[in-house]
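# Overview (structure and organization)
Listed below are the residues making up each chain.
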Amino acid sequence: MGLLLLAHLVAAVLAPVLVRWWGRSAYYALALVPAAGFGWLLAQLSTVLDGGTVDERTTWIPALDLDVTLRLDVLALAVAALVTGVGALVFVYCARYFEPGDEGLGRFAGVLMAFAGSMLGLVVADDMLLLYVFWELTTVFSFLLIGGSGAKVAGRRAAQQALVVTTAGGLAMLVGLVMVGQASGSYLLSEVVANPGSGPQVTAGIMLVLAGAVTKSAMVPFHFWLPAAMEAPTPTSAYLHAAAMVKAGIYLVARLAPGFADIPGWKPVLIGLGLATMLLGGYRSLRQYDLKLLLAFGTVSQLGFLMVLLGTGSREAAAAGVAMLLAHGLFKSTLFLCVGVVDHACGTRDLREISGLGRRLPVLAVTAGLAAASMAGLPPLLGFVGKEAAFTAFLDGGLESRTWALLTLLGLVLGSVLTVAYTARFLWGAFGSGGAVRRCADGEPVPARLHRPGPAFLAAPVVLAVLCLLGGPFSALLEPLVAPYADTLPLVAEEAEGLKLWHGLQPALLLSLVTVLGGLALFTGRDAVARLQRRLAVDASADEGYWHTMRGLDKVAQTSTRSTQRGSLPTYLGVVLTVLVLLPGTVLVFRAPWPDAVRPWDSPVQAVVGLVVLGAAALAVRIRQRLSAVLVVGVTGYGVGVLFALQGAPDLALTQFLVETLTLVTFVLVLRKLPKDISERHRAKERTARGVIALAVGALMAGVGVVALGARTATPVSVDFPEQAYSFGGGENVVNVTLVDIRAWDTLLEISLLVVVATGVASLVFLRQRTGAVARATGDTARSARGRRAPRDRWLAASATLSPQRRSVVLEVITRVLFHTIAVLSVYLLFSGHNAPGGGFAGGLVAGLALVLRYLAGGRYELGEAAPVDPGKLLGSGLLLAGTTGIAGLVLGVDALQTTILEATLPVLGDVKLVTSLFFDTGVYLIVVGLVLDVLRSLGAQVDVDDEHGGEDDDPAEGQALATSAGGAR
């Protein structure tokens, strides 16, 4: 089973490539994947029918006891066979449904294959959390399939609607699964059903799970998303909305029924919603003119029928439910595929514009007729067998209460009458002679010209229709597939009747005759029925209710945003900090375990540094000039670095100094666009309030530090780090080994965040264009800037591009002397960081500061000479290198991102010891350099371009050229 899911994943990834190579014929090759799954299921048939199961368990996250647990029993096999068998035929159908030039064929193929794999995983998943993962994957992929390319507004709206409704139900289901799993002591579905818990928690949990089931299977009042989803292509409707996705809720109910059908609320909820859905769906079908919408509301009705049968919780109803589940998947997918053929042949699905197709397309008419007969429950089709079994179940009991059983049976009969009526409406409108309201000039029915389908186009619906036909006479062969599941539920009747076509003359046969005659009577009097429906029509509908609800949520969101988001950053920060002080602060004062004694410092130097930091912080509050305030704030950062150094943490101190320096540079670059002075004046009350909040937060954080350090009782995990750093990571620098090996996953996520931040910062600056060449001093743009040409005798390559007022010869000389030394130092820190202070992060910061020096001395063109590379490529290369290191560990036979120590004796070099984490650290180095370069290009070079472009003496065309060349973007 795991290999089948993996095969679907691989096929989904390769599908766009195959479609690009082979065109729509690639769908034939893709059909082999679900076909292989169907073949594997047939191979397991003997094992499952003998009462066995096929189980697979793959360890996923041992520390959390999360395993990929798959289980195939008789119910899972029946539904999985439907998913894979119909899925393979749908892929074959797609090869002729789409035209060679249609846009997005590769994307559609990949998403459809991914959905097929997700649905198969949902059916065979035994772990409830894994089931939820597949559940949500089907939701996401169905959203993509319904929305298509996103070009159609109706498609986007339908996809959004389906996503919101099913995701809301899925979230409720997740909470319910957790509640049931915690109460039962197991998250394996088979164990939970075999040993169901009891009590209010289990009851509430199951009700939440049912909320997910009824939204997924389009029960009232959530039925509206299914007809709206008919905006999707016909293969999507045939697969997702007939054979697969909408069956997920039905399948989950069937899976849980043996253990939870008797809990309070189960039967009233499912039977009541099922009957209401069956009747409403059938009633709405009689009002539709679009053939797909007619079938969609018919699907809603049939889903209600299935929910009643499988939610009743009795042996006889469950057997009928499984038979109808298979029958519905066959006949409804056939009918949807036939509608797709009609749409292709006629160019329309409006039954008012179609007539005479039965005579002109006889093979299609016979195919649709067989499927429709099965839907209406006519003998000898499989649908007749399932409907007879359902009627018999409730005639013989089905429920403990005879009265409720008869009322349920009455609802099923009325729903079946509507089913026959809309089936006749479908056949008469599509293939009869009275559908079209207009004719051509020669008297022929519309449309006059048909695009006649070929054999390959008709193959899939013909095969499914033949199965509908054979399923009736050979229904006894399905009994071994149905009985094992049905036997897990209690038998209400005196004895169980097996599935077969003919049970003799009995009341169920009479009820079938009543439903057929009643449905035909409704169809015959369709004009009177239509007038009655118009008279009884109401303006309200579930679909309108959904959109009103969404608009109401938008208004609530807007109102709350207007009242709480006032656009004042100090207000937001003040509210957050006040809550922090009041809630955790109160607990800290009254409940925290304060230590008996506090040591204020280890040496008097620490106290002196602390006083300097406090003084700088107090001075920063009073300074009115922005640049001076930033420099004073920087003193606090350097003071913290000194404290790190005094405490014996050279790595932290080095990093703190470098980060603080780079932060100061960044602030200076930003402050160029802000006024020199802080002109905003605050009232005394505001200053007092802010001062109180600041002091309270400072006291709170100091108290948290004291309590946290004093409350430690267990031995810190870091005690073992020095020994592990050398034996496990091959390095003596504990900090660096921790970052690149012991906690490499944390570092990988952090550098990924750095890449995201760099992209976001640059995107805020480059509003027009994020592509362009790096500004070079040797380029035409630089030579033409204000008519200056760089001379030969210069300290820096681009120094002549600066105006005389901005040049500093002293700074140019210092930069010329120190740049290469700083660059070499950065590389040294990279390579030495595993055994001495340094590492990729520190080395990257040093290299970044070298680039800052070049930019400050020579401007943006000098920056281009120092680093003539796209920062985006550096960021991407660094992240790729760091991530690839994890894969390399797996290749070398260790865990992902684990260091491998390579030792060898080489000529000249002698004994060489290399750790693979060096490559991970190199990736960090590249990312940091790329980040600094991107900040300089965006906040520095691009701001320079904007300033020059806005000057009075600048040529606008030149300014645009400079803006393009200074982009240096990804």
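About the criteria used
- Residues numbered from 1 in each chain as written.
- Predicted model: local features only at pLDDT ≥ 70, side-chain atom pairs only at ≥ 80, totals over all residues.
- Heavy atoms only, no water.
- Helix = DSSP H or I, 4+ residues; strand = E, 2+ residues; numbered from the N terminus.
- Contact = heavy atoms within 4.5 Å.
- Areas by Shrake-Rupley, 256 points an atom, 1.4 Å probe, with all protein chains shown as cover.
- Lys, Arg positive; Asp, Glu negative; His and termini not counted.
- Charge placed at Lys NZ, Arg CZ, Asp CG, Glu CD.
- Core = buried A, V, L, I, M, F, W, Y, C linked by side-chain atoms within 4.5 Å.
- Buried < 20%, exposed > 50% of the residue type's maximum accessible area, 1.4 Å probe, protein only.
- Axes fitted to C-alpha atoms, helices over the stretch in contact; angles between N-to-C directions.
- Parallel < 35°, antiparallel > 145°, perpendicular 65-115°, else oblique.
- Left-handed = near helix turned anticlockwise from the far one by under 90°.
- Nonpolar A, V, L, I, M, F, W, Y, C, P; charged D, E, K, R; others polar.
- Salt bridge = Lys/Arg side-chain N within 4 Å of Asp/Glu carboxyl O.
- Phe/Tyr/Trp six-rings, centres within 6.5 Å; stacked < 30°, edge-to-face > 60°.
- Lys NZ or Arg CZ within 6 Å of the ring centre and 35° of its normal.
- Pairing = 2+ DSSP bridges.
- Polar contact = N/O pair within 3.5 Å; in protein donor to acceptor, adjacent residues only side chain to side chain.
- Expected span 1.5 Å × (residues − 1).
- Disulfide = S-S within 2.5 Å.
- pLDDT = per-residue confidence, 0-100.
- Patch = residues over 30% accessible without salt bridge, like charges linked within 9 Å, V, L, I, M, F, W, Y side chains within 5 Å.

Along the protein, the regular secondary structure elements total 39 helices and 4 strands. Counting contacts in the protein only where the partners sit at least 6 residues apart, residues at least 24 apart contribute 77% of the total. Surface exposure of the protein reaches about 44800 Å², of which carbon and sulfur atoms provide 66%. Between the centroid of the 71 positive side chains of the protein and the centroid of its 68 negative side chains there is a distance of 10 Å.

Ranked by internal contacts, the top residues of the largest apolar core, which has 189 residues, are W225, Y239, W266, F394 and Y485. For this core, the element with the highest residue contribution is helix α16 (residues 315–346), accounting for 21 residues. Here Y485 is in contact with V74, L75, A254, R255, A257, P258, L310, A318 and V322, once residues within four sequence places are set aside. If you look at the next biggest cluster of nonpolar residues, it comprises 40 residues, including V665, V740, A744 and L829.

So, about the packing of helix α7 (residues 128–147) against helix α10 (residues 200–216). Relative orientation of the contacting elements α7 and α10 amounts to 30°, with a least axis distance of 13 Å. One element, α7, and the other, α10, form an angle in the roughly parallel class. The handedness of the crossing between α7 and α10 is left-handed. Counted together, W135, T138 and T139 of α7 and G212, A213 and K216 of α10 form the full contact between these two elements. Here the residues of the contact of α7 with α10 are counted per class, giving 2 nonpolar, 3 polar and 1 charged.

For the rest of this paragraph, the subject is the pattern of salt bridges. What the rule picks out here adds up to 13 salt bridges. R71 is the salt-bridge partner of D73, the closest N and O atoms lying 3.3 Å from each other. Overall, D73 belongs to the buried group, its relative accessible area being 12%. Judged by relative accessible area, which is 24%, R71 ranks as partly exposed. Linking R743 and D746 is a salt bridge whose minimum nitrogen-to-oxygen distance equals 2.6 Å.

Once that is clear, we can look at the packing of aromatic side chains. The description of two aromatic rings rests on the distance between their centres and on the angle between their planes. All told, the structure shown has 12 aromatic pairs when counted by the stated rule. Residues Y97 and F98 carry aromatic rings whose centres are separated by 5.1 Å and whose planes lie at 85° to one another, so their mutual orientation is edge-to-face. Judged by its relative accessible area of 11%, Y97 falls in the buried class. Three or more aromatic residues joined by ring pairs form one cluster here, namely Y27, F91, Y93, Y97, F98, F108 and F457. A cation over an aromatic ring shows up here: R526 above the ring of F523, its NZ or CZ 4.3 Å from the ring centre.

What follows is about the packing of α16 against helix α21 (residues 455–471). For the pair α16 and α21, interaxial distance at closest approach is 9 Å and the crossing angle is 150°. It follows from the interaxial angle that α16 and α21 lie roughly antiparallel. The handedness of the crossing between α16 and α21 comes out as left-handed. On the side of α16, the interface is formed by L330, F331, S333, T334, L337, C338, G340, V341 and H344, while α21 contributes F457, L458, A460, P461, L464, A465, L467 and C468. When grouped by side-chain class, the residues that make up the contact of α16 with α21 number 13 nonpolar, 4 polar and no charged.

So, on to the pairing of strand β3 (residues 901–906). Residues in a regular strand point their side chains to alternate faces of the sheet. Of the pairings in the sheet, the one linking β3 to strand β4 (residues 910–915) comprises 6 bridges and is antiparallel in character. When the bridges of β4 are listed, E903 appears paired with K913. The hairpin turn running from β3 into β4, its antiparallel successor, is 3 residues long, and V908 in that turn takes a positive phi close to 70°.

Now for the environment of V482. Relative to the assigned elements, V482 resides in helix α22 (residues 479–486). Its relative accessible area of 0% is what places V482 among the buried residues. What V482 contacts, discounting residues up to four positions off in sequence, is A319, V322 and L499.

Tracing the chain through its elements places R860 in helix α36 (residues 840–866). Judged by its relative accessible area of 6%, R860 is buried. Separated by 3.4 Å, the side chains of R860 and Y861 make a polar contact.

Put simply, V220 and P221 share a cis peptide bond, and its omega is 5°. Despite not being glycine, A218 shows a phi value in the positive range, around 60°. Along the chain, A218 turns up in the loop between α10 and α11 (225–228). Assessed through its relative accessible area of 0%, A218 is described here as buried.

Turning to helix α20 (residues 402–431), a few remarks are in order. Here α20 is 30 residues long and its end C-alpha atoms lie 43 Å apart, about the 44 Å a rise of 1.5 Å per residue gives. Counting buried residues in α20 gives 21 out of 30 residues, a clear majority hidden from the surface.

Right, let's talk about the state of the cysteines for a bit. One way to say it: the disulfide is the covalent bond shared by the sulfur atoms of two cysteines. Tallying each qualifying case throughout the model produces 0 disulfides. C94 forms no disulfide, and the closest cysteine sulfur to it belongs to C338, at a distance of 15 Å.

Moving on, we get to helix α18 (residues 362–376). Under the 1.5 Å per step criterion, the end-to-end length of α18 is 20 Å for 15 residues, consistent within 8% with the ideal 21 Å. Buried residues of α18: L364, A365, T367, A368, A371, A372, A373, S374, M375 and A376, and no others. On its buried face, α18 sits against α15 (291–311), α16, α17 (357–360), α19 (382–395), α20 and α21. Phi turns positive, to about 80°, at G377, one or two residues after α18.

Moving on to the environment of V74. By the secondary structure assignment, V74 is in helix α5 (residues 74–97). Using a relative accessible area of 8% as the deciding quantity, one classes V74 as buried. Sequence-wise, V74 and V482 are 408 residues apart; in three dimensions their C-alpha atoms are separated by 7.6 Å. Beyond its immediate sequence surroundings of up to four residues, V74 is in contact with V48, P480, L481, P484 and Y485.

A few words now on the confidence of the model for the protein. Close inspection of predicted coordinates is inappropriate for parts of the model with low pLDDT. Averaged over every residue, the pLDDT of the protein is 85; the share at 70 or more is 91%. Within the model, the stretch residues 437–443 combines pLDDT values under 50 with 10 contacts to residues more than four positions away or in other chains. Note on residues 951–970: pLDDT is under 50 here. Beyond four places in sequence and across chains, it has 57 contacts.

Structurally, the position occupied by S142 is in helix α7. Under the relative-accessibility criterion, S142 is labelled buried at 1%.

Right, let's talk about a nonpolar patch on the surface for a bit. Taken together, the side chains of L3, L6, L9, V10, V13 and L14 make up a nonpolar region of the molecular surface, amounting to roughly 580 Å² of accessible area. Mapped onto the elements, L9 comes out in helix α1 (residues 2–22).

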